[in-house]
Amino acid sequence: MKLRSAMAALAASVLFFAAQAQNPKYIFMYIGDGMGMGPVVAAETYNRTILRSDKPLTMMQMPVVGWCMTYSASSDVTDSAAAGTALSTGYKTTNGMLGMRPDSTEVYSIARELKDMGYGVGVVTSVAPDDATPGAFYAHVPSRKMYYEIGTQMAESGYEFVAGAGLRGLSADGRETDLADRFVKNGVQIVRGPESVATIASDKVLLLNPEGTKEWNIGYTIDSIAGVLNLPLIVETGIAQLERTSPERFFMMVEGGNIDHALHANDGGAALKEILNFDSALELAYDFYLRHPDETLIVVTADHDTGGMAMIKPSGAKGGLANIDYQKVSKEEFSDYCKSVLRSRMVYSWEDMRGYLADNLGFFTHIRLSEAQEADLRALFDKTFEMRNSADQKTLYASFNEFAVEVFRIFNDATGLAFTTTSHSGNAVPVFAVGAGAERFKGYNNNVDIPRAILETVRASVVPAR
């Protein structure tokens, strides 16, 4: 009898709490592009040992932790288009395809589903809003490179807030397209740069970087570029827009796209700074959750791992992750600097380069090179800048001067960050969650499970109390 009474009491308790539970009115989905476990652990180690933070990264404070497989319908190693489609729609597809199954059947994202259910929608990124991951939340195209078509579907989505670097479909074959007019016809206000955020007045907004900046990337955190957008500002603006236009319920996807760009470059320092920046943007959602704990769900994951990065013992130098504080430029910025020197045909000596490396990467002052290392680096400098006889390393988003590649190989070795590839890997990625329905993401996940679980949480009926 006692056991039966205890079971009855437990059942009554479960029904009571089920009755009190609410479906999430506010849903945040954060995707760290390329953010595998290696980069996350390295960022937290830097946060703990170098920044001396008294608390872990925001994502690591979330009570629900899991992991996720990322393979696509066509490969064990996915690309961002197939992974974005899986995370947004719950369907696997072929690498390169967006919002379609391998047979080209259109499938719809949770953003579209929730929009049709009365939710406001925001889709934001630190790269281009017509890139693969954000595109998967509104577009249906057989190729992720169909930027004009992706842009037109963005304009027609009806979403309240979209943001990122720039649009690649504004011109084609050197000619201006009608894409900007399509946004205007659909009532979308186009706003450019941080200074223009205060002018937002429309119920539908496209926030982009200032004209004349890169279309594919808002800029790396480590480069400290003046006058451009940053992910925390984008998220803050997006939350304000959604609270204004859809105060009762909204969905927001936030992509840290620059993480992937830095990892493709095998630029460990820039990647860690991007993860910290992504985590700062996540803190804004977490603060929102603390104000609405029973009505908010936050899920954090990655579309895939990039670079196969791991922490190793620093080679031939003291300092380890502390060396990141001496890095003032990204590998991409440094390579562009080297190429500008070559284009200018200016007289540029080894002593000039030595001073630049000391000022911007801590070489010779904090990262000590042996005589042999410096001699080898000097020989490569001569080959690159005097003989002009060096090959470039091409990655998905950039082409790096051979001298820049070697400089950052030395820097990574001294920092204790190692890479296995400049491409994606098939490694599993982390999942973190907090809020209403967060328990659904604990343990093993396949990427298609995540959007399905979010929708199930929204659609779940409340069990009536007795």
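Heads up: the structure comes first, above all this text.
I will try to describe carefully the structure that is included in this document. Once a new chain begins, its residue numbering starts again from 1 and follows that chain's sequence as written. Given that the model is predicted, a residue must reach a pLDDT of at least 70 before its local features are reported, and side-chain atom pairs must reach 80 or more before they are shown or counted; all residues, however, enter totals for whole chains, interfaces and linings. By convention in this description, side-chain values take in all heavy atoms of the structure and omit both hydrogens and water.

1. A few points about the sheet that holds strand E9 (residues 250-256)
In short, DSSP must find at least two bridges between two strands for them to pair. A run of H or I in DSSP counts as a helix once it spans at least four residues, and a run of E counts as a strand once it spans at least two, with each numbered from the N terminus. With mixed pairing, ten strands are arranged side by side in an open sheet as E7-E8-E4-E3-E9-E1-E10-E17-E2-E18. The strands lining the two open edges of the sheet, one partner per strand, are strand E7 (189-192) and strand E18 (443-446). Shown here is a sheet whose adjacent strand axes are inclined to one another by a mean of 15 degrees, direction ignored. Sheet topology places strand E2 (residues 64-69) next to E18; four bridges connect them, and they run parallel. Following the sheet pairing, methionine 69 is matched in E18 by asparagine 446. Set on the sheet, helix H9 (residues 257-264) makes contact with strand E1 (26-32), strand E3 (120-125) and E9; between it and E9 the angle comes to about 20 degrees. Interaxial angle, 0 to 180 degrees, is taken between N-to-C directions of lines fitted to C-alpha atoms, where a helix line uses only the stretch in contact. We call two residues in contact when some of their heavy atoms are within 4.5 Å.

2. Considering the packing of helix H8 (residues 231-245) against helix H10 (residues 268-291)
One way to put it is that H8 packs onto H10 with a least axis distance of 8 Å and a crossing angle of 25 degrees. As summarised for this structure, H8 and H10 are arranged roughly parallel, according to the angle between their axes. Considering the relative orientation of H8 and H10, their crossing is right-handed. Across the interface between the two elements, Leu231, Pro232, Val235, Glu236, Ile239 and Glu243 from H8 touch Asn277, Phe278, Ser280, Ala281, Leu284, Ala285 and Phe288 from H10. Classification used: nonpolar for Ala, Val, Leu, Ile, Met, Phe, Trp, Tyr, Cys and Pro, charged for Asp, Glu, Lys and Arg, polar for all others including Gly. By residue class, the composition of the contact of H8 with H10 is nine nonpolar, two polar and two charged. In this scheme, roughly parallel covers angles under 35 degrees and roughly antiparallel covers those over 145, while 65 to 115 is roughly perpendicular and the rest are oblique. Handedness of a helix crossing follows the sense of rotation of the near helix relative to the far helix, less than a right angle counterclockwise being left-handed and clockwise being right-handed.

3. Quick word on a nonpolar patch on the surface
Patches here are clusters of residues that have more than 30% relative accessible area and form no salt bridge, with a 9 Å joining cutoff for like charges and a 5 Å cutoff for nonpolar side chains (Val, Leu, Ile, Met, Phe, Trp, Tyr). Each accessible area is a Shrake-Rupley result for a 1.4 Å probe, and residues are judged covered by the shown protein chains and nothing else. What counts as a salt bridge is simple: a side-chain nitrogen of Lys or Arg found within 4 Å of a carboxyl oxygen of Asp or Glu. Together, Met37, Val41 and Met311 make up an exposed nonpolar region whose accessible area comes to about 230 Å². Positionally, methionine 37 belongs in helix H2 (residues 37-49).

4. Things to note about the packing of aromatic side chains
Each aromatic pair joins two rings of Phe, Tyr and Trp (for Trp, the six-membered one) with centres within 6.5 Å, and gets the label stacked for planes under 30 degrees apart, edge-to-face for over 60, and tilted for any other angle. Tallied over the full model, the rule gives 23 aromatic pairs. Both rings, one in phenylalanine 334 and one in phenylalanine 408, keep their centres 6.1 Å apart while their planes meet at 45 degrees; by these two values the pair is tilted. In this pair, phenylalanine 334 sits in helix H11 (residues 331-344) while phenylalanine 408 sits in helix H14 (residues 402-415), placing the two residues 74 residues apart along the sequence. The same class applies to phenylalanine 334 as to phenylalanine 408, namely buried. Aromatic side chains tryptophan 350 and phenylalanine 381 sit 5.5 Å apart centroid to centroid with 65 degrees between the ring planes, which places their arrangement in the edge-to-face category. Placement of tryptophan 350 in helix H12 (residues 350-361) and of phenylalanine 381 in helix H13 (residues 371-386) is noted, with a sequence separation of 31 residues between them. By way of ring pairs, the aromatic residues Phe334, Tyr337, Tyr348, Trp350, Tyr356, Phe363, Phe364, Phe381, Phe385, Phe403, Phe408 and Phe411 are connected into one cluster. Here, over-ring charges are defined by two tests on the NZ atom of lysine or the CZ atom of arginine: distance to the ring centre within 6 Å, and angle to the ring normal within 35 degrees. The ring of tyrosine 71 carries lysine 92 above its face, with NZ or CZ at 3.7 Å from the centroid. Burial classes follow relative accessibility: with a 1.4 Å probe on protein chains only, a residue under 20% of its type's maximum area counts as buried, one over 50% as exposed, and anything between as partly exposed.

5. Details of empty space enclosed by the protein
Grid spacing is 1 Å over the protein atoms alone, the probe is 1.4 Å, and a cavity is where that probe fits but cannot get out, while a pocket is an open set with protein on both sides within 12 Å along at least five of seven lines and lining residues have an atom within 4 Å of a point. Grid points are joined across faces, edges and corners, and a volume is the space filled by probe spheres set on the points. Taken as a whole, this structure holds one cavity of 30 Å³ or more when the rule is applied. When its volume is computed, the largest cavity comes out at roughly 60 Å³. Contributing to the lining of the largest cavity are Met154, Ala155, Ser157, Gly158, Tyr159, Val162, Phe183, Val188, Lys204, Val205 and Leu206. Mapped by element, the contributors of at least two residues to the lining of the largest cavity are helix H6 (147-156) and strand E8 (205-208). Residue composition of the lining of the largest cavity, grouped by class: eight nonpolar, two polar and one charged.

6. As for the packing of H13 against H14
Two numbers describe how H13 lies on H14: the axes approach to 9 Å, and their chain directions differ by 160 degrees. Comparing their axes, H14 and H13 come out roughly antiparallel. Note on packing geometry: the crossing formed by H13 with H14 is left-handed. Only Glu402, Phe403, Glu406, Val407 and Ile410 of H14 make contact with H13, whose side of the interface consists of Leu377, Leu380, Phe381, Lys383, Thr384 and Phe385. A per-class count over the contact of H13 with H14 returns seven nonpolar, one polar and three charged.

Worth remembering: the numbers are spatial, not functional.
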